[in-house]
Amino acid sequence: MNDKLVFLGLLYFVQGIPYGLQSSLLPVYLRGAGHSFTRISLTKVLYLPWVLKVLWAPLVDRTGTKRCWLAATVAGLALTCLASGSLSPESQYMGVAGCLLAMNALASVQDIAADGAAVRLLRGQGELGLGNTAQVVGYKAGSVFAGGGLLAVIDVAGWRWMFTLLACVYAGVALFVWGAPVLDGEPGRTPSETRRGSRDTARPWRVWKKLMAVPGTPWTVLYVLTYKLGEQGAISMFPLFLLDHHMTARELGLWNGLVAMAFSIGGSSIGGFLLSQYSIGLLMRRVFVIRTVGMVFQCSLLTVLEPSPLMKGIAVLSLSVQHFIAGLITTLTFTCMMNCTQRAEESIQATHYSFLATLEVLGKLSFSVLAGGVVDTVGFPIAFLLFLFLTSSSALHVWHATETGVLKDQLRGQPQ
């Protein structure tokens, strides 16, 4: 199991690097180079391959092997980093954008293959929990490494040397994947499977029909689209409320940027341990209730506007608990998704998991975009009541599933 965790953790670590580059490092660097906010905001379009990856997932599922796909995409990321290092972001903006788009495309293909390998390698709830912990924590660590660690040294090392370092990291991981013993014994693809994968890529509606026929998929689809709505609104808006009433930008950067992320990683990490002790249905039911109680507490803080050391301490406590629970729920959710995917036939498992993961991202991003407009329209108190309602609704959705729905069977025969 340790070999599997190291293998998966490393894959998801390098997968999180492009996100860290674009979400944290690139905006700061481009602004320092004199680019406009409009041009910086347009870099969000480069995430498009992650939304569209389900379209080419059948090709990855039914052609070649996971080892070949993983080694080829990680090696491609190394070459893309070398190309990025040869460009100047000050004067070659479109070239840099093209390289980052290629990085996202390669990372999205790698994600499909990595998910497929994880579904095949992980067996039993204990392994699923630990494997998904490695996935979530590895991805977050890669994002922090690229967005925080490299940002701290880029003024000293420079753009070229930073991407040369990333190229070396990717090249080392590509060699590791090529020789990884955990992938030994993976069956190859027959010519008929290859042709079927090509046809399915050209006709995605047929793939969608197969995916939705997998037991538990309709419930899981609704769940991943909605489980983060209230939480995502609060996580994005509560720091801005604190900025208006209680904290300076520097204080908020420390507590919401570093400390809260540490709590989020801690929550994701402990999720795997808890899954080895308790059933996923039981954990989800209890954790979602705790999250709802935490949201009630956070809503009550909106009524206290006086800045004071006590209020700052309580606000930091609320942020920390919120991110800890969010990290824990993320691990439980990805385990639930993988549990559902393992009910699919092997030829569509990577596609099925990529389909659920894409919807999970869409659910979070869509409400993050709308949350600011909701606050501008109705104000913080009403907006947070809406967030509380959405959080409570997702808790009821999970509770119903553990009592009468798709999660009920997972409670049977599991430790209580």
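Predicted, not measured: the structure shown is a model, and the values here were computed from it. (Residues numbered from 1 in each chain as written. Predicted model: local features only at pLDDT ≥ 70, side-chain atom pairs only at ≥ 80, totals over all residues. Heavy atoms only, no water.)

**Notes on the packing of helix 10 (residues 229–245) against helix 13 (residues 309–341)**
Part 1 of the argument: Relative orientation of the contacting elements helix 10 and helix 13 amounts to 160°, with a least axis distance of 11 Å. It follows from the interaxial angle that helix 10 and helix 13 lie roughly antiparallel. Note on packing geometry: the crossing formed by helix 10 with helix 13 is left-handed. The residues of helix 13 that touch helix 10, namely those facing Glu231, Ala234, Ile235, Phe238, Pro239 and Leu242, are Ala315, Ser318, Leu319, Gln322, His323, Ala326 and Ile329.
Part 2 of the argument: In terms of residue class, the contact of helix 10 with helix 13 is built from nine nonpolar, three polar and one charged. (Axes fitted to C-alpha atoms, helices over the stretch in contact; angles between N-to-C directions. Helix = DSSP H or I, 4+ residues; strand = E, 2+ residues; numbered from the N terminus. Parallel < 35°, antiparallel > 145°, perpendicular 65-115°, else oblique. Left-handed = near helix turned anticlockwise from the far one by under 90°. Contact = heavy atoms within 4.5 Å. Nonpolar A, V, L, I, M, F, W, Y, C, P; charged D, E, K, R; others polar.)

**Concerning the pattern of salt bridges**
Part 1 of the argument: Under the counting rule described, the total for this entry stands at three salt bridges.
Part 2 of the argument: Lys53 serves as the salt-bridge partner of Asp111, at 2.2 Å between the closest nitrogen and oxygen. Of this pair, Asp111 sits in helix 5 (residues 93–121) while Lys53 sits in helix 3 (residues 48–62), and the two are 58 residues apart along the sequence. Each member of the pair Asp111 and Lys53 is classed as buried.
Part 3 of the argument: Ionic pairing is found between Lys228 and Glu231, a salt bridge with its closest N-O pair at 2.4 Å. When sorted by exposure, Lys228 lands in the same class as Glu231, which is buried.
Part 4 of the argument: One network of salt bridges, in which partners are shared, links Lys228, Glu231 and Arg291. (Salt bridge = Lys/Arg side-chain N within 4 Å of Asp/Glu carboxyl O. Buried < 20%, exposed > 50% of the residue type's maximum accessible area, 1.4 Å probe, protein only.)

**So, the environment of Val60**
Part 1 of the argument: Inspection of the secondary structure assignment puts Val60 in helix 3.
Part 2 of the argument: When residues no more than four places from it in sequence are discounted, the contact partners of Val60 are Lys66, Trp69, Val109, Ile112 and Ala113.

**Overview of the state of the cysteines**
The bond known as a disulfide is covalent and runs between the sulfur atoms of two cysteines.
Part 1 of the argument: Within the structure shown, the criterion is met by zero disulfides.
Part 2 of the argument: Considering cysteine sulfurs only, Cys81 is the nearest to Cys99, which forms no disulfide, with 8.9 Å between them.
Part 3 of the argument: Judged by its relative accessible area of 12%, Cys99 is buried.
Part 4 of the argument: Of all cysteine sulfurs, the one in Cys336 lies closest to Cys340, which takes part in no disulfide; the gap is 7.1 Å.
Part 5 of the argument: Its relative accessible area of 3% is what places Cys340 among the buried residues. (Disulfide = S-S within 2.5 Å.)

**Comments concerning the confidence of the model for the protein**
Part 1 of the argument: Mean pLDDT over the protein: 80, with 82% of residues reaching 70 or higher.
Part 2 of the argument: Per-element mean pLDDT across the protein ranges from 53 in helix 7 (residues 191–202) up to 91 in helix 4 (residues 66–85).
Part 3 of the argument: Low pLDDT, under 50, characterises residues 411–416; the predicted model gives this stretch 13 contacts beyond four residues in sequence or across chains. (pLDDT = per-residue confidence, 0-100.)

**Re the nonpolar core**
Part 1 of the argument: Formed by 84 residues in total, the largest nonpolar core has its most connected members in Phe7, Leu21, Tyr170 and Tyr223.
Part 2 of the argument: Counting residues per element, this core draws most heavily on helix 5, at 14 residues.
Part 3 of the argument: Among all residues touching Phe7, those that are not within four sequence positions of it are Leu70, Leu121, Phe176, Val177, Ala180, Val182 and Leu183.
Part 4 of the argument: Counting residues in hydrophobic clusters, the runner-up holds 21 residues, among them Ala234, Met311, Phe387 and Leu388. (Core = buried A, V, L, I, M, F, W, Y, C linked by side-chain atoms within 4.5 Å.)

**Observations concerning the environment of Ala83**
Part 1 of the argument: Here Ala83 lies in helix 4.
Part 2 of the argument: Between the alpha carbons of Ala83 and Gly95 there is a distance of 9.2 Å; along the sequence they are 12 residues apart.

**Structural notes on the packing of aromatic side chains**
Part 1 of the argument: All chains considered together, the criterion is met by 11 aromatic pairs.
Part 2 of the argument: Ring plane angle 65° and centroid distance 6.3 Å describe the contact between Phe238 and Phe384, whose orientation is recorded as edge-to-face. One end of the pair, Phe238, is in helix 10; the other, Phe384, is in helix 15 (residues 380–403), and 146 residues separate them in sequence. Phe384 matches Phe238 in its accessibility class, with the two residues each being buried.
Part 3 of the argument: Here Phe241 and Phe380 contribute two aromatic rings whose centre-to-centre distance is 5.3 Å and whose plane-to-plane angle is 70°, an arrangement assigned as edge-to-face. With Phe241 in helix 10 and Phe380 in helix 15, this pair connects stretches of sequence that are 139 residues apart.
Part 4 of the argument: On the accessibility criterion, Phe241 (3% relative accessible area) is buried. (Phe/Tyr/Trp six-rings, centres within 6.5 Å; stacked < 30°, edge-to-face > 60°.)

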